[in-house]
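Single-letter residue listing:
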Amino acid sequence: MTSFFSLTMALSAFLLFSIQFLMARLLLPEFGGAPALWLSSIVFFQGLLCLSYCYAHALRTLFSLKKQLIVHSLCLLASAACLPVSESSAHSWGFADPSLQVMLILLLSCGASFFVLGATSGLIQHWQSLLKPDGDPYWLYAASNGGSVVALVLEPLVLDRFLSLEQRATLWSGAFILCMCCLFLAMIWTAFKVKPKAPIESLETKTGIGWKQRGRWFLWSSIPAFLLYGLTVQLTSDLASVPLLWTIPLLLYLLSFILAFSQLEWGSLEGAARKTAPISLVFVLLLALPNLPIPKVYLGVILTFQCVAVGIAMALIHKDLAYDRPDPSSLTEYYFVLSLGGFFGGVLCSLLAPLLFPSLLEYPLGLVFAILVLWQAEGDGTLKKRAQLMVLSMILGLLLFCWSGAIFLNNWAFVLVGCALLGALTWSAEFLSRGSAFFSLLLLLGIGAFAPGPMAGIQESQRSFFGLHRILTEKSSQTVVLLHGNTVHGRQSLDPEKHGEALAYYHKSGPAGQVFSNLKGREDIAVFGLGVGSLAAYSRSGQRWIFFEIDPKVIGIAKDTRYFHFLEKAQGELEIKLGDARLEFSRLPEKQAFDLIALDVFSSGSVPAHLLTREAFEIYLNHLKKGGLLLLHISNQHLDLEALVAVQAASLGLDILAQKEMTLADADRQRGCTRSHWVILGREKNCLGNFRKDKRWREVKPSPDLRPWTDDHSDILSIYRFGR
């Protein structure tokens, strides 16, 4: 029966993680594909999982075994009544914070099913401890996480590629019924096999659990959650916000649980890992610096190193938690505290950090906390020496975090956290050896570099649900630049006489400049993505321009005349609509109203997938005038978006030309111009006649091996540039 228990737990865990990906894919078109969508989803599911563990603990402590089985059976039947799973229609319940709206939709869509599945692991391990009092039920937790790993692998590599969302929802509902039947069989077996003379109330904890130990479980379990969220943002910001990349940090997180709670012996590998992990995390911290001049060609190697180092750190911390596990009679409380710590880490990183910190400070914080936990060498200095070193580190922290008076006055939360962190670092780590002092100095410099201020060349930093925006002055080109993650989203000359000149990807001699400079007779223009309003530099009197921007922070930055003046100097009629471009565009009452629709919707080098599906193109064409043009900015280091757009164009009978700037004049580069890659599409071939005469534009043939994306299907692997 032990094997049946482990298979039931694996199936339950598979369904737990599979539903997370299914719901996230359903919500992509509504929330713009931002990394925060996935992080908000993880926070919700972690919170609901925490409630599930609390429910399992309450069943164990408050009810006899017979009543436990009855109550859980009723909960299973109630959750089955909510099938099949589908996206809730709660979109009209508008919230100022998109995270809350995401969570409400998830609660109404799959909350009941997820809740009962979340309690399965703790309850089955508890029943196993009753059936075999002398055994160790904790190894079943590794089996549970094994099911989660299978879900993480199958979802992006198999299910997301070959099944529609509707098919996946139906398959999931059927698997849930199967899991429910397995749970009923497990409960019936337990009810018959556990002797009535041994009720759960008689199982007392053999070793008392104090609040200090509970606190250690809570804090230790929150640190891997810090790393999970930070690494997720790092990957999805630098590459693409797609399910395949969402899985990597979560896969590392689950594998670390499997390694920690399995019955495998690490041997000498654990000792070697504990010696090298803190040093590796120091270098991860330095590699994650927002302004470190690392060539993008090495980005894949850097991110791989980060994944490996963070994964090892997670495994070691979870191993410490596994060593500290209590007697099986306290199993449900143990899991509840662990889930509570993970939920705390998720809430802090996903919901509170954007409000507290103007930059991505939670990732370096998680790295430093992990270093402190792993680097627990006891110092041989006296209490007085440690106190002196702590004061010194706090002074250094103030100098780093408060490089200017404005930062000191306006970012008090940043300063307080920095001081507390550096104080804890000095108190906990070994500072007296040369090697330790060297790496501690690297930590101080690394954390300080994340502070927004003149020491990093940054004038202002703002965060939102959709990412980190930094405004900085670039001395070499004498421009002010907006960065979203690591990608330039627009720049403007510091010379007042050149404020209206388009730079970066939009310069006049580039593909975008060629198109917008030749818009004769085209008066109605729609632009997806505002940036700093660079394309408004091409507006003329009598034209109507509508910009669609999903992030209110970006709108505020573009309108801030301390930095950018494109909107201020724009001619003609200009309107900005807040919301997801596809949804807002589809709601426009006018049909065939636009002469040109331009998509410039980049997010740190990635394009939201829901804007490149067949359904999205049909929406664009529905609002495009006869003879109108579609212009797409597809510059990307890692994804072959030109091939995808070519397939979509062929399936819809559109004409397509592309231009990728291979070189850039030195004078253009020095004044802030950037090479870019654009495609232009027309309903009829004569629409692109003027551009066909320009040798810089070339025809694009669709690949026969590439399948067009739809809202039900988007295969990121099919357009990923492996090894390029």
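Here, every reference points to the structure presented above.
Keep in mind the model is a prediction, meaning the values are calculated, not measured.

If you tally the helices and strands in the protein, you get 25 helices and 12 strands. By the burial criterion, 60% of the 724 residues in the protein qualify as buried. When contacts within the protein are restricted to residue pairs at least 6 apart in sequence, those whose partners lie at least 24 apart make up 77%.

Our next topic: the pattern of salt bridges. Enumeration over the complete set of coordinates arrives at 19 salt bridges. Measuring nitrogen to oxygen at the nearest pair gives 3.0 Å for the salt bridge that ties aspartate 524 to arginine 544. Linking aspartate 524 in strand E5 (residues 524-528) with arginine 544 in strand E6 (residues 544-549), this pair joins segments that are 20 residues apart in sequence. A single burial state applies to aspartate 524 and to arginine 544, both of which are buried. Its salt-bridge partner being arginine 671, residue aspartate 668 comes within 3.0 Å of it at the nearest N-O pair. Here arginine 671 falls in the partly exposed class, since its relative accessible area comes to 29%. It is possible to trace a salt-bridge network through shared partners that takes in Asp524, Arg544, Asp595 and Lys625.

Attention now moves to the packing of helix H3 (residues 65-80) against helix H5 (residues 120-131). Contact pair H3 / H5: the axes reach a minimum separation of 13 Å and the direction vectors enclose 155 degrees. Considered as vectors, H3 and H5 are oriented roughly antiparallel to each other. For the crossing formed where H3 meets H5, the hand is left-handed. Between H3, through Leu65, Gln68, Leu69 and His72, and H5, the contact on the second element is made entirely by Leu123, His126, Trp127 and Leu130.

Reading across from one edge, E7-E6-E5-E8-E9-E11-E10-E12 is the order of the eight strands in this open sheet, with mixed pairing throughout. The open sheet is flanked by strand E7 (573-578) and strand E12 (698-699), the only strands paired with a single partner. Bridge analysis of E5 against strand E8 (residues 594-599) gives four bridges, and the strand direction is parallel. Among the inter-strand pairings, phenylalanine 528 is bridged to a residue of E8, identified as leucine 599. Sitting on the sheet, helix H22 (residues 614-622) is in contact with E5, E8 and strand E9 (624-633), with an inclination near 135 degrees to E9.

Within E6, six of the six residues are buried, which leaves the element mostly enclosed by the surrounding structure. Of the two faces of E6, the one carrying Arg544, Ile546 and Phe548 and the one carrying Trp545, Phe547 and Glu549 are both buried.

A word on the nonpolar core. Counting residues in hydrophobic clusters, the biggest one holds 109 residues, and the most contacted among them are Trp127, Phe261, Leu281 and Val310. If you look at the next biggest cluster of nonpolar residues, it comprises 42 residues, including Tyr620, Leu641, Ala643 and Ile656.

What follows deals with the side chain of serine 676. Residue placement: serine 676 occurs in the loop between helix H24 (666-670) and strand E11 (677-682). At a separation of 2.9 Å, a polar atom in the side chain of serine 676 contacts the side chain of tryptophan 678. Apart from the residues lying within four places of it in its own chain, the contact partners of serine 676 are Tyr505, Pro511, His633, Ser635, Gln659, Lys660 and Glu661.

At their nearest, the axes of H3 and helix H7 (residues 165-193) sit 11 Å apart, and the two run at 170 degrees to each other. In terms of orientation, H3 and H7 fall into the roughly antiparallel class. For the pair H3 and H7, contact is made by Leu65, Leu69, His72, Ser73, Leu76, Leu77, Ser79 and Ala80 and by Phe176, Met180, Leu183, Phe184, Met187, Thr190 and Ala191, respectively. Tallied by class, residues from the contact of H3 with H7 come to 11 nonpolar, four polar and no charged.

Turning to helix H13 (residues 362-374), a few remarks are in order. With 13 residues, H13 should reach 18 Å at 1.5 Å per residue; the first-to-last C-alpha distance of 18 Å fits that figure. Most of H13 is tucked away, with 12 of its 13 residues classed as buried. Listing the buried residues of H13 in full gives Glu362, Tyr363, Pro364, Leu365, Gly366, Leu367, Val368, Ala370, Ile371, Leu372, Val373 and Leu374.

Backbone geometry at glutamine 478 places phi at a positive 55 degrees, although glycine is not the residue there. Among the secondary structure elements, glutamine 478 is positioned in the loop between strand E2 (467-474) and strand E3 (479-484).

Okay, the packing of aromatic side chains next. A complete count under the given rule lists 24 aromatic pairs for this structure. On the numbers, 5.2 Å between centres and 70 degrees between planes, the contact of phenylalanine 44 with phenylalanine 45 is edge-to-face. We classify phenylalanine 45 as buried; its relative accessible area is 2%. Both rings, one in tyrosine 505 and one in tyrosine 506, keep their centres 5.9 Å apart while their planes meet at 90 degrees; by these two values the pair is edge-to-face. Through a chain of ring-to-ring contacts, the aromatic side chains of Phe528, Phe548, Phe585, Phe594, Phe617 and Tyr620 assemble into a single cluster. In this arrangement the basic side chain of lysine 193 is found over the ring face of tryptophan 189, its NZ or CZ atom lying 4.9 Å from the centre. Of note, arginine 214 hangs over the ring of tryptophan 211, and the distance from its end group to the ring centre comes to 4.6 Å.

This brings us to the state of the cysteines. Overall, the coordinates contain zero disulfides when judged by the stated rule. Take cysteine 50: it sits in no disulfide, and the sulfur closest to it among the cysteines is that of cysteine 54, at 7.0 Å. You can call cysteine 50 buried: its relative accessible area is 6%.

On to the side chain of threonine 8, then. Here threonine 8 lies in helix H1 (residues 2-31). On the basis of relative accessible area, threonine 8 is assigned to the buried category, the value being 2%. Polar contacts involving the side chain of threonine 8 include one to the main-chain carbonyl oxygen of phenylalanine 4, which spans 2.8 Å. Contacts of threonine 8, omitting those with residues within four sequence positions, involve Ile124, Cys179, Cys182 and Leu183.

Taking 1.5 Å per residue as the helical rise, helix H23 (residues 641-652) with its 12 residues ought to reach 16 Å, and the 17 Å between its terminal C-alpha atoms agrees with that figure. By the criterion of burial, H23 is predominantly enclosed, with nine of the 12 residues buried. In this fold, the buried residues of H23 make contact with H22, E9, strand E10 (655-660), E11 and E12. Glycine 653, located one to two residues past H23, shows a positive phi value of around 70 degrees.

Parameters at a glance
Residues numbered from 1 in each chain as written. Predicted model: local features only at pLDDT ≥ 70, side-chain atom pairs only at ≥ 80, totals over all residues. Heavy atoms only, no water. Helix = DSSP H or I, 4+ residues; strand = E, 2+ residues; numbered from the N terminus. Buried < 20%, exposed > 50% of the residue type's maximum accessible area, 1.4 Å probe, protein only. Contact = heavy atoms within 4.5 Å. Salt bridge = Lys/Arg side-chain N within 4 Å of Asp/Glu carboxyl O. Axes fitted to C-alpha atoms, helices over the stretch in contact; angles between N-to-C directions. Parallel < 35°, antiparallel > 145°, perpendicular 65-115°, else oblique. Left-handed = near helix turned anticlockwise from the far one by under 90°. Pairing = 2+ DSSP bridges. Core = buried A, V, L, I, M, F, W, Y, C linked by side-chain atoms within 4.5 Å. Polar contact = N/O pair within 3.5 Å; in protein donor to acceptor, adjacent residues only side chain to side chain. Nonpolar A, V, L, I, M, F, W, Y, C, P; charged D, E, K, R; others polar. Expected span 1.5 Å × (residues − 1). Phe/Tyr/Trp six-rings, centres within 6.5 Å; stacked < 30°, edge-to-face > 60°. Lys NZ or Arg CZ within 6 Å of the ring centre and 35° of its normal. Disulfide = S-S within 2.5 Å.

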